[in-house]
Amino acid sequence: MGEGKGQRLTTTLDPPHPGPSSSTHSVKRRERVSVPSVYGGAGLPFALRRASPLATGGCSHVGRKSAPHWPLSGGGARERLDLGSVGLKGRLLGLEAGEEAQAMVPALRYLGSVCGLARGGFPGGFSAACAPAPGKPWLLCQGGRRASTSSFDVVIIGGGIVGLASARALILRHPALSIGVLEKEKDLAIHQTGHNSGVIHSGIYYKPESLKAKLCVQGAALIYEYCNQKGISYKQCGKLIVAVEQEEIPRLKALYERGLQNGVQDLRLIQQEDIKKKEPYCRGLMAIDCPHTGIVDYQQVALSFAQDFQEAGGSVLTNFEVEDIKMAKESPSRSKDGMKYPVVIRNTKGEEVRCQYVVTCAGLHSDRISELSGCNPNPRIVPFRGDYLLLKPEKRYLVKGNIYPVPDSRFPFLGVHFTPRMDGSIWLGPNAVLAFKREGYRPFDFSARDIMDIIIKSGLIKLVFQNFSYGVNEMYKACFLSATVKHLQKFIPEITISDILRGPAGVRAQALDRDGNLVEDFVFDGGVGDIGNRILHVRNAPSPAATSSLAISGMIADEVQQRFKL
C-alpha cells in the first residue's frame, strides 16, 4: 500500500511521540506531505478473495493502556497553535478557499484530540468530557466529531481488533476523511478480542498460499514491530508442537514442510533431548520448535489501535447496536450535507448515523449485519465455546512456553494446549463445544434466536454428523475434568486433577457453509445495487485474526480505496 497524501497545516506543535499516529504537522506552499501508511507495506503481494454471491460466502484482559496527557506548553520555548491566522496564512500562500478549508481540517482534529486528552481521560484514551448520559451512545469525541453531526465519509461497524486496526489504517492513509467506528457494547474489544488466548501465531498451520498463511506470517512481524514502537509488553516465548505417539511423526514432518512453504522463520525439528532442554517436564518423541511464537494482551493492543485512530482524528461511538442499514430516501431536513451521506445506519434506539461508505467487521454477528444490508448472508456464523482450565500458581513451573499437539486433519479443531499468559498464569485448553448463544461464555447461556439460526440456516447438522464422535468427546471433556487431565498428561505426566481449576471461556465465530464445512480462510464480500456497492463486509476472520490484524487492515484499506475510489 502506498503512503497516503494529505494537506498539512504549519504549526509549532510537535507530536508527543513518534509513530504512525502522530505524524509531524508541516507547512508548505501547495505541497502534500506524506502521511505514514499503516503497517502492511506497499501493496500486499496477493489478491483479495471475494465470496461469490452463490458461494458460501479473543480470554480475560491483563491491563489497559492509559491515555497520555500531552502538555500544550512547557520546558523551553512555548508551543502555540494559532488557528485564527490560518485564513491569512492560506491567502498569503496562495491557497484557494476550498484548499484553505481542507488544510485546516487536520489541525482542527489534532487540536480536538489534544484538548480532549488535556481534559483527562478514561483508560484506553477515552475522554471524560465525552461521557454520555445514562443509556445514550458514547461518542468518544477526541477526533473532533460531535454527536449532533452523526455523519462520516466512512463508518466501520465493529470495535474489535480487526475493526479498530482497519479504522486506524484508513485514517492514516486518508487523514482528510471523517471516519467513525460503531460498537454495540459500552467498551471496545470485549468479545473475541478480549476472550482469546493471546498467542502471536507464527503461521505454520495454514494451507500454503492461503490468505490465512500469508496474513499471519506478515501480521506476526507487524505486531511485534508495533508493540516495540508503542511500548506494549509481549513475550516471545516460543512454541513446541509435540508428537507423543509414533503415528503422529509423519504428520509432524508434513507440518514442518508446510511451515517452510509459508515462510515461517527459524523452524527446527528437534528430538527428545532438545525437547527436554526447552520444556523440562514435557515428554515427546519429536517436536517442531517455533521460536518466534509469542504472547501479548490483544485487548491492550486493540485499545492502542483505538487511541491511534482517535489521535489521528477518528471518532468512536459505543452503545450503538446496529439494527438497520439502508439507503436514504431523501436528505434530512435542514441538512447542509444534502445526499452526500446516502447510507443510513440506525441503532436499536432509533438513532441514526449517515455515511458514504461502510466497512463491517462484526465478528460473531457478521452474517446478520450482511443480511441487514441486503447482502449475501452466507457463510453463516456458528458460535463455538472454548473452555480453558488454569494451572494452579504453585504448578506453573511445569510450563515455560506454548506446548501444542500435532493437529489431526480428521477433526475440525486443534485440541487442547498449554498457553502461558502475560500475567504469569497458564491456560490449558480450550475444548470446542457448541455455544447456545453467540456471546455465551457460560455453559447455560442461551438464546432461542441464536439456536434457531444455527439449526435452520447453517450447515451445523451436517457438521455434527460428519464429526459425531469428536463432538461427543468434546462435550464429555467439558463435563469431566479428569478426561481433559488425561489428555494433558500425554505431554506433562506430572499434572494431576488437583493441580487445575476451571478458568475463563471464549466464543469463536466460526463460519460454516451449507454443506457443513468449516470456512477456513478469511472471506471478504460486498454486494450489488446502490447499497451493496457502498459496503465491504469482513465475513470470516477467525484465528489467527488478532495476529493478522495489522496485515488484514492493510488489505482492507487497499480494497476500500480501490472499491470506493477514495
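The structure under discussion appears in the preceding block.
A few points on the structure. Bear in mind that the values here come from a model prediction, so they are computed numbers and not experimental data.

Section: the overall build of the chain
So, step 1. Along the backbone of the chain there are 14 helices and 25 strands.
So, step 2. Within the chain, the proportion of its 566 residues that are buried is 57%.
So, step 3. Summed over all atoms, the accessible surface of the chain reaches about 23,700 Å², with 54% contributed by carbon and sulfur.

Overview of the pairing of strand β17 (residues 352-360)
So, step 1. Among the nine residues that make up β17, eight are buried, leaving the element largely enclosed by the rest of the structure.
So, step 2. When strand β6 (residues 151-157) meets β17, the two strands line up parallel, connected through six bridges. Among the inter-strand pairings, F152 is bridged to a residue of β17, identified as C355.
So, step 3. The pairing of strand β16 (residues 343-347) with β17 spans four bridges and is classified as antiparallel.

Remarks on the nonpolar core
So, step 1. The biggest cluster of nonpolar side chains holds 53 residues, and the ones touching the most others in it are I156 and I556.
So, step 2. Counting only elements with at least two residues in this core, the list comes to β6, α3 (161-173), β7 (179-182), α4 (211-230), α7 (298-311), β17, β25 (535-540) and α14 (549-564).
So, step 3. Residue contributions to this core peak at nine residues, all from α3.
So, step 4. Not counting residues up to four positions away in its chain, the partners in contact with I156 are G163, A167, L170, I179, G180, V181, L182, V359 and C361.
So, step 5. L240, L398, F418 and L488 belong to the second-largest nonpolar core, a separate cluster that totals 23 residues.

Considerations on unusual backbone geometry
So, step 1. Of note, the amide linkage connecting N378 to P379 takes the cis form, showing an omega dihedral of 5 degrees.
So, step 2. Inspection of the secondary structure assignment puts P379 in the loop between α8 (366-372) and β18 (380-391).
So, step 3. Even without glycine at this site, D266 takes up a positive phi of about 65 degrees.
So, step 4. Looking at the element boundaries, D266 is found in the loop between α5 (249-261) and β11 (268-271).
So, step 5. With phi around 55 degrees, N319 is a residue other than glycine that occupies positive phi space.
So, step 6. Here N319 shows up in the loop between β14 (315-318) and β15 (322-327).

Here's the deal with the packing of α4 against α7
So, step 1. Two elements in contact, α4 and α7, have axes whose closest approach is 12 Å; the angle formed by their N-to-C orientations is 70 degrees. Regarding the angle of α4 to α7, the classification is roughly perpendicular. For the pair α4 and α7, the crossing hand works out as left-handed. Every residue of α7 that contacts α4 at I223, Y226, C227 and K230 is listed here: V301, S304, F305 and D308.
So, step 2. For the contact of α4 with α7, the residue count by class is five nonpolar, one polar and two charged.

Let's talk about the sheet that holds strand β8 (residues 199-200)
So, step 1. Taking strand neighbours across the sheet as the criterion, the three strands line up as β8-β13-β9 in an open arrangement whose pairing is antiparallel. Each end of this open sheet is capped by a strand with a single partner; those strands are β8 and β9 (234-235).
So, step 2. Here β9 runs beside strand β13 (residues 294-296); their pairing, made up of two bridges, is antiparallel. By the bridge assignment, K235 is partnered in β13 with I295.

Thoughts on α7
So, step 1. In this model, α7 (14 residues) spans 20 Å end to end at C-alpha, consistent with the 20 Å of a helix rising 1.5 Å per residue.
So, step 2. The buried count for α7 comes to 14 of 14 residues, which makes it a mostly enclosed element.
So, step 3. By the N-cap criterion, in which a side-chain oxygen at the helix start approaches the backbone nitrogen of a residue two or three places on, α7 is capped by D297, the distance to Q299 being 3.1 Å.
So, step 4. Phi for G313, located one or two positions after α7, is positive at around 115 degrees.

Topic: the pattern of salt bridges
Oppositely charged side chains are able to pair whenever their charged atoms sit close together.
So, step 1. Overall, the coordinates contain 25 salt bridges when judged by the stated rule.
So, step 2. Put simply, K212 and E520 hold a salt bridge, and the shortest N to O gap is 3.9 Å. Here the residue K212 occupies a position in helix α4, and E520 occupies one in the loop between β23 (500-512) and β24 (523-525), the gap between them amounting to 308 residues.
So, step 3. Under the relative-accessibility criterion, K212 is labelled buried at 6%.
So, step 4. Of the charged contacts, one joins D445 and R442 as a salt bridge, the two residues approaching to 3.1 Å between their closest N and O atoms.
So, step 5. Residue D445 is classed as buried on the basis of its relative accessible area of 13%.

Remarks on the packing of aromatic side chains
So, step 1. Under the counting rule described, the total for this entry stands at nine aromatic pairs.
So, step 2. With centroids separated by 5.4 Å and ring planes inclined at 75 degrees, the aromatic side chains of Y281 and Y397 adopt a geometry described as edge-to-face. Here Y281, found in the loop between α6 (272-278) and β12 (286-290), pairs with Y397, found in the loop between β18 and β19 (402-405); they are 116 residues apart in sequence, far enough to count as distant.
So, step 3. The structure contains a cluster of three or more aromatic residues connected by ring pairs, namely Y205, Y206 and Y404.
So, step 4. The side chain of R421 reaches across the aromatic face of W427, ending 3.8 Å from its centre.

Regarding the packing of α3 against α14
So, step 1. It is the contact of α3 with α14, at a shortest axis distance of 8 Å, that shows an interaxial angle of 55 degrees. Considered as vectors, α3 and α14 are oriented oblique to each other. In this structure, the crossing between α3 and α14 has a hand that is right-handed. Only S549, L550, I552, S553, G554, I556, A557, D558, V560 and Q561 of α14 make contact with α3, whose side of the interface consists of I161, V162, A165, S166, R168, A169, L170 and R173.
So, step 2. Here the contact of α3 with α14 is composed, by residue class, of 10 nonpolar, five polar and three charged.

Analysis parameters
Residues numbered from 1 in each chain as written. Predicted model: local features only at pLDDT ≥ 70, side-chain atom pairs only at ≥ 80, totals over all residues. Heavy atoms only, no water. Helix = DSSP H or I, 4+ residues; strand = E, 2+ residues; numbered from the N terminus. Buried < 20%, exposed > 50% of the residue type's maximum accessible area, 1.4 Å probe, protein only. Areas by Shrake-Rupley, 256 points an atom, 1.4 Å probe, with all protein chains shown as cover. Pairing = 2+ DSSP bridges. Core = buried A, V, L, I, M, F, W, Y, C linked by side-chain atoms within 4.5 Å. Contact = heavy atoms within 4.5 Å. Axes fitted to C-alpha atoms, helices over the stretch in contact; angles between N-to-C directions. Parallel < 35°, antiparallel > 145°, perpendicular 65-115°, else oblique. Left-handed = near helix turned anticlockwise from the far one by under 90°. Nonpolar A, V, L, I, M, F, W, Y, C, P; charged D, E, K, R; others polar. Expected span 1.5 Å × (residues − 1). Polar contact = N/O pair within 3.5 Å; in protein donor to acceptor, adjacent residues only side chain to side chain. Salt bridge = Lys/Arg side-chain N within 4 Å of Asp/Glu carboxyl O. Phe/Tyr/Trp six-rings, centres within 6.5 Å; stacked < 30°, edge-to-face > 60°. Lys NZ or Arg CZ within 6 Å of the ring centre and 35° of its normal.

Spatial relationships are all this shows, so hold off on functional conclusions.
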